[in-house]
Every structure is written in C-alpha cells, then in structure tokens.
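Residue strings, one per chain:
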Amino acid sequence: MTRITPQPGIMDIALYQGGASYLADVENVLKLSSNENPAGPCPAAIDALTRTASDMHRYPSTDHAALRAAIAEVWNVDADRVICGVGSDEVLQFVTQAFSGPGDEIIHTAHGFSMYPILANMAGATPVCVPERDRIVDVDAILSAVTERTRIVLLANPGNPTGTRLPDAEVVRLADGVPEHVILVIDGAYTEYADGYDGGLALARTRPNVLMTRTFSKIYGLGGLRVGWGYGPRDIIDVMTRIRQPFNLSTVALSAAEAAVRDIKWVEDCAALNADQRARLIGALRQLGLACDESDTNFVLARAATVAEADAAEAALNADGILVRRVAGYGFPEGIRITVGNADQTGRVIAALTEWRNAS
Ligand SMILES: *Cc1c(COP(=O)(O)O)cnc(C)c1O
C-alpha cells in the first residue's frame, strides 16, 4: 500500500450504517428501522418483474426511455430532463461527482441524510455541515455558509431522521438566495407522504440551478430493487448522463419501476394508511412522555429525555422483537427513529412502549 494512495477524501469516509435487520434469538422480528413500506412491494411491480424475468439474458435499455416516459406522464415533467439511477443515492452521486471535486464545498444540514458527507468525500469535495434550528432546516444558516467554493447544496426535504419539512416559501427563499454557480439539490425521498408537497418539482422545472431527486425505495416499496430518478435543467442532466454507466439499471428494475410509477392508486392508499398510523403513533408517543415532532414522512423521531432513557426504550422494543433506528450518528443520541407500520405493527410498538413505561 505504501506507494498506492487513494484519491483525496476517500479515507475520510465513515461507512454508511444501514438499519438493523435481525435480532439474535428473536423470531417474527418487526423491522421498523429502514423506512420501508409495511405493505411490501407495489403488486404491479411484482407482476412486471415476473413478466420480464425471462428477458434477463438481454442487456437492458441504456436510455431508460420507457421508464422516463412513464415518469414524465405521471408527474407531468419533460422526459428529456429525467435521469434514472441505482436508487436516488446514485442520482445524488452523479451530481456530486460531475459538479464538484477537491477544493470545492458541498453544503448539507445537520440532520439531513447520512449519505451526504459520504457523497461529498467520494467526489473529493469538502462536506460543510450547517446547523438546523429546532430540527428544522435553517435557510439563513445555509445561505451564510455559502462561499465561492460552494458548488452544491444538498437539502433533504422532508428531512431524515427529523421527518420535518421546510415550508414551500422557505424552499423558494433558499432557491432565490443561492448564487447561480451553486446547484440546489432537493432530495424528495418522502414526497409522497407529505400532503400537498411537490418535492421541489416546480423549482426544478423553472430554475436553472435546481435539481430534484426522487426514489422508488420508500412508498413504492422497492428499496431492494434500487431505482431512483432526478429531474432538473437539461444541461445539468446532460452532464450527469455522461458519467452514468450505460447499463446501471437492470431490465427487471426498469420494468418494475415503470409499473410502480403508473400505479397511482397504490401510492395514494399507502399514503393514507401511513397518515393514519403516523398520527396514532405520534399521539401515543407523546402520551408516553416521548417528545415527537409532526412528521411529513413514513417515520417519526421519538426523543427521550436522556440517552439512558432512549437505551431503555429501545431495549424494551427489541425485547418484543421490534427493530428501530438509533440516530446518534445524525446528532440525536437520545433519538429513536421508528418507521410507521400498518395498524397491527403500530399497535405492537405502542403496546411495547406502554408496558415499558408501566414497568419503570
Ligand atoms: C431513503 C432515502 C433516500 C433514498 O435512497 P435510495 O438510494 O433511493 O434508496 C434518499 N434520501 C433520503 C433522505 C432518504 O431517507
């Protein structure tokens, strides 16, 4: 290794920590640690995937024309300005890699998404972390962190793990305030769960420096398949496309995502179920003395009074076979992020925490 040196930034990367998926000695584990859809994959996607499985010997489409056309139709966007990636993570990687490098800065907020500093380091750029105010993105803090070295601002809206959403007027103020040489990326991974929110689509449609990213991993239930997309100015998409591998998405992934995006009813039903159970869970958590903001996503962030109390609550959930996500790495050592499940699953969470409170 002595003469072999990695590119700048790579050794600064702390590996991404995913949500736990098993508990020792527990059967019937309820995984509420990765914001997955409790209803499973969109059924239309399973059908499409099954139908295209026999084409696996063929190379997939390189231009993703059918999927982009479906996205364009459903979301009323221009297909030529859509780019698809291996999850929205890859779309984010296209923009960071194509538009930043050593000496450049990428701004993200304190409780945005733990992939952001990783993506900055992957590109050799410097991640700049900006504080939030009461777990909500602070537009002024972002704007005052912008320098002439800033190339990209990564905004998760709604945020993960906060679940909070910056109001539209504030997002517009941010877009108005960033200089023209900076790309504002609005990561709308949870858009479908946020009532009346467009995920940044209107800004991405009209501004020369705004890119929106979206994913099939959350409400569509296709996290294991890895498909996401971005929408933005044509010249930015053209640059990103040059570094996209021609066969980044498999035939089955493309066909499943195309079927999923057309299944509008499924998305509406899942969003409605989530809204009901989310309200129920937030109400119960607050009653149990765990602080909790309103959420515009499919998870809630419960905040215990102390780290010890959070440890105890997590242990009680684990003892009942329920996996949740601790978010110390996101700046919330006393936080517990809980994915909103279906009615039975939410009942199980509430019962476990109620029993814990009663016993302590
Ligand atoms: C889950 C999530 C994503 C989605 O990542 P994929 O690569 O599309 O699975 C993106 N951003 C945020 C903030 C997320 O929480």
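See the structure shown above.
Peer 1: So what about the overall build of the protein? Which residues, and what values?
Peer 2: Per the secondary structure count, the protein includes 12 helices and 13 strands. Taken over C-alpha atoms, the radius of gyration comes to 20 Å for the protein, in line with the 21 Å a tight globule of 360 residues would show. Seen through its C-alpha atoms, the protein measures out along the principal axes to roughly 60 × 50 × 50 Å. In the protein, which comprises 360 residues, the share counted as buried stands at 54%. In the protein, of all internal contacts separated by at least 6 residues, the share reaching a separation of at least 24 is 74%. As displayed, the protein has an accessible area near 15800 Å², and 52% of this comes from carbon and sulfur atoms. Considering the protein, the positive charge centre built from 31 side chains and the negative charge centre built from 44 side chains are found 3 Å apart.

Peer 1: Help me get a handle on helix α11 (residues 307-319), residues and values and all.
Peer 2: Taking 1.5 Å per residue as the helical rise, α11 with its 13 residues ought to reach 18 Å, and the 18 Å between its terminal C-alpha atoms agrees with that figure. The complete set of buried residues in α11 reads E309, A310, A313, E314, A316 and L317. Seen end-on, α11 carries its buried residues on one side only, within an arc spanning 155°. For α11, exposure combined with an orientation more than 90 degrees from the buried face picks out A308 and A319. The inward-facing, buried residues of α11 contact β11 (322-323), β12 (325-327), β13 (332-339) and α12 (343-359). Two residues or fewer past α11, G321 is found with a positive phi of approximately 80°.

Conventions and cut-offs
- Residues numbered from 1 in each chain as written.
- Predicted model: local features only at pLDDT ≥ 70, side-chain atom pairs only at ≥ 80, totals over all residues.
- Heavy atoms only, no water.
- Helix = DSSP H or I, 4+ residues; strand = E, 2+ residues; numbered from the N terminus.
- Rg over C-alpha atoms; globule rule 2.2 N^0.38 Å.
- Buried < 20%, exposed > 50% of the residue type's maximum accessible area, 1.4 Å probe, protein only.
- Contact = heavy atoms within 4.5 Å.
- Areas by Shrake-Rupley, 256 points an atom, 1.4 Å probe, with all protein chains shown as cover.
- Lys, Arg positive; Asp, Glu negative; His and termini not counted.
- Charge placed at Lys NZ, Arg CZ, Asp CG, Glu CD.
- Expected span 1.5 Å × (residues − 1).
- Arc of directions from axis to C-beta.

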